[in-house]
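Residue-level listing of the chains:
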Amino acid sequence: MHISLIAQFGFCAPASGEEESISCYNKGIDLAEQGRYDEAIAEFDRYILDYPYYARAWYNKGVALTQQGRNDEALVAFDRVIDIEPQNFQAWYNKGVVLYILGRYDEALEASNRSTELNGESAEAWINEGNVLFQLNRYDQAVATYDRAIKIDPQSALAWCNLCNALINRSEYDLALSSAEKAIQIDPDMTEAYSCREAAFMELGRDS
């Protein structure tokens, strides 16, 4: 199962404040976009010292930490965003992603539910929620959630591929096969879709 972060590096610093602090925030964004995450985090931390309630700095710090695999620290950063901006669906989404990576699926589901409550038009958020449900062996709900993502974004190869996996676990192999084919049609380079198609073929062979 593939999950992905919603990166949010493109924000501008507030117009007011000390010039040095604004400069280090923007420098952090530039460094993060170059993949220089240690340096970016240091710049975000410098900014946070002056503006501890600026949610975007905490958010971008969390993304940078996640890119380094520092998931426990990233979770703290995303929780700080949520403390400041409880309606920030992207922070809830990324919190769900980090909890998923950490294997804390029940908590991940709570965060994912909150992100889709706040923004029901994000296909990525529904895919993430479906992934968590899949890990919890709640395949009927996972299928419904992937279907929701596909209604929003019919060209999401990831949603079709993950739907294939969930359908296999419901023994709906014909539908799983067609879902894998759709994912391959959209993204011919998606290795996982070929694997899912092969698994569906194998199960169909066993049933025949």
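Asker: Requested: an account of the overall build of the protein chain, with residues and values cited.
Answerer: Scanning the protein chain for helices and strands turns up eleven helices and zero strands. If you list the helices and strands of the protein chain from N to C, you get α-α-α-α-α-α-α-α-α-α-α. Within the span of the protein chain, comprising 208 residues, buried residues form 48% of the whole. Considering only intrachain contacts with a sequence separation of at least 6, the fraction spanning at least 24 residues in the protein chain is 54%. Summed over its atoms, the accessible surface of the protein chain is roughly 10,100 Å², and 47% of this surface lies on carbon and sulfur atoms.

Asker: Can you lay out helix H8 (residues 139–152) for me, pointing to particular residues and giving the numbers?
Answerer: The end-to-end C-alpha separation of H8 is 20 Å, in line with the 20 Å expected for 14 residues at 1.5 Å each. Those residues of H8 that sit buried are Tyr139, Ala142, Val143, Thr145, Tyr146, Ala149 and Ile150. End-on, the buried residues of H8 take up no more than an arc of 165°, which puts them together on one face. If you follow the buried residues of H8, they end up packed against helix H7 (123–135) and helix H9 (157–168).

Asker: An account of the state of the cysteines is needed here, citing residue identities and associated values.
Answerer: Under the counting rule described, the total for this entry stands at one disulfide. The disulfide partner of Cys164 is Cys196, and the S-S distance across this bridge is 1.9 Å. One quick way to see it: the torsion about the S-S bond of Cys164 and Cys196 is about -105°, and its sign makes the bridge left-handed. One end of the pair, Cys164, is in helix H9; the other, Cys196, is in helix H11 (residues 191–207), and 32 residues separate them in sequence. Comparing Cys164 with Cys196, the two get one shared label, buried. Cysteine Cys161 remains unbridged, with the sulfur of Cys196 as its closest cysteine sulfur at 5.5 Å.

Asker: Any chance you could break down the packing of H7 against H8 for me, citing the residues and the numbers?
Answerer: Where H7 contacts H8, the two axes come as close as 8 Å, and the packing angle between them is 165°. Judged by the angle between their axes, H7 and H8 are roughly antiparallel. When the axes of H7 and H8 are compared, the crossing they make is left-handed. Listed contacts from H8 to Ala123, Trp126, Ile127, Glu129, Gly130, Asn131, Leu133 and Phe134 of H7 are Tyr139, Gln141, Ala142, Thr145, Tyr146, Arg148, Ala149 and Ile152. Per-class residue counts for the contact of H7 with H8 are ten nonpolar, four polar and two charged.

Asker: Please set out the pattern of salt bridges residue by residue, giving values where relevant.
Answerer: Counted under the stated rule, the structure contains twelve salt bridges. Residue Lys95 is joined to Asp79 by a salt bridge in which the shortest nitrogen-to-oxygen separation is 2.9 Å. Of this pair, Lys95 sits in helix H5 (residues 89–101) while Asp79 sits in helix H4 (residues 71–84), and the two are 16 residues apart along the sequence. Judged by its relative accessible area of 18%, Lys95 falls in the buried class.

Asker: Outline the environment of Asp38, listing residues and values.
Answerer: Assignment of secondary structure puts Asp38 in helix H2 (residues 37–50). Beyond its immediate chain neighbours, meaning those up to four positions away, Asp38 contacts Gln68 and Arg70.

Asker: I'd like a description of the packing of aromatic side chains, backed by residues and values.
Answerer: Applying the stated criterion across every chain yields a total of five aromatic pairs. Relative to Tyr105, the ring of Tyr100 has its centre 5.6 Å away and its plane inclined at 70°; by these criteria the two rings are edge-to-face. Between the aromatic rings of Phe134 and Tyr139, the centroid separation amounts to 5.3 Å while the plane-to-plane angle is 70°, which identifies the pairing as edge-to-face. The rings of Tyr47, Tyr51 and Tyr54 are connected pair by pair, giving a single aromatic cluster.

Asker: Give a detailed account of H5, specifying residues and quantitative values.
Answerer: The terminal C-alpha atoms of H5 lie 18 Å apart, and with 13 residues this matches the ideal 18 Å at 1.5 Å per residue to within 8%. Most of H5 is tucked away, with eleven of its 13 residues classed as buried. Those residues of H5 that sit buried are Phe89, Ala91, Trp92, Tyr93, Asn94, Lys95, Gly96, Val97, Val98, Leu99 and Tyr100. Looking at the buried side of H5, the elements it contacts are helix H3 (55–67), H4, helix H6 (105–118) and H7. Among the residues trailing H5, Gly103 stands out with phi positive, at a value near 80°.

The rules behind these values
- Residues numbered from 1 in each chain as written.
- Predicted model: local features only at pLDDT ≥ 70, side-chain atom pairs only at ≥ 80, totals over all residues.
- Heavy atoms only, no water.
- Helix = DSSP H or I, 4+ residues; strand = E, 2+ residues; numbered from the N terminus.
- Buried < 20%, exposed > 50% of the residue type's maximum accessible area, 1.4 Å probe, protein only.
- Contact = heavy atoms within 4.5 Å.
- Areas by Shrake-Rupley, 256 points an atom, 1.4 Å probe, with all protein chains shown as cover.
- Expected span 1.5 Å × (residues − 1).
- Arc of directions from axis to C-beta.
- Disulfide = S-S within 2.5 Å.
- Axes fitted to C-alpha atoms, helices over the stretch in contact; angles between N-to-C directions.
- Parallel < 35°, antiparallel > 145°, perpendicular 65-115°, else oblique.
- Left-handed = near helix turned anticlockwise from the far one by under 90°.
- Nonpolar A, V, L, I, M, F, W, Y, C, P; charged D, E, K, R; others polar.
- Salt bridge = Lys/Arg side-chain N within 4 Å of Asp/Glu carboxyl O.
- Phe/Tyr/Trp six-rings, centres within 6.5 Å; stacked < 30°, edge-to-face > 60°.

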